[in-house]
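In case you want the letters, here they are:
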Amino acid sequence: MMDRRMALTAGTTLSFQNYAGGIVSDTIQREIGRGGFCIVYRQCCARN
């Protein structure tokens, strides 16, 4: 079966709301693996 998943590109920033209602942002550095239904990334995060 052909893998048609499209990985996020390096530099993509993802923002999430945490339990306290604040925003947490993570930036994709690179793809490090694939398996099952997932794509695994190395990322860096900015924490206050």
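Residues numbered from 1 in each chain as written. Predicted model: local features only at pLDDT ≥ 70, side-chain atom pairs only at ≥ 80, totals over all residues. Heavy atoms only, no water.

### Some details on the pattern of salt bridges
Consideration 1: Applying the stated criterion to the full structure yields one salt bridge.
Consideration 2: Close ionic contact of Arg34 with Glu31 constitutes a salt bridge, the shortest N to O distance being 2.6 Å.
Consideration 3: Here Arg34 falls in the partly exposed class, since its relative accessible area comes to 36%. (Salt bridge = Lys/Arg side-chain N within 4 Å of Asp/Glu carboxyl O. Buried < 20%, exposed > 50% of the residue type's maximum accessible area, 1.4 Å probe, protein only.)

### A word on the pairing of strand 1 (residues 13-17)
Consideration 1: Two elements, strand 1 and strand 2 (residues 23-35), share five bridges in a ladder whose sense is antiparallel. Within the sheet, the bridge partner assigned to Leu14 lies in strand 2 and is Asp26.
Consideration 2: Two successive antiparallel strands, strand 1 and strand 2, enclose a turn made up of five residues, where Gly21 displays a positive phi of approximately 90 degrees. (Pairing = 2+ DSSP bridges. Helix = DSSP H or I, 4+ residues; strand = E, 2+ residues; numbered from the N terminus.)

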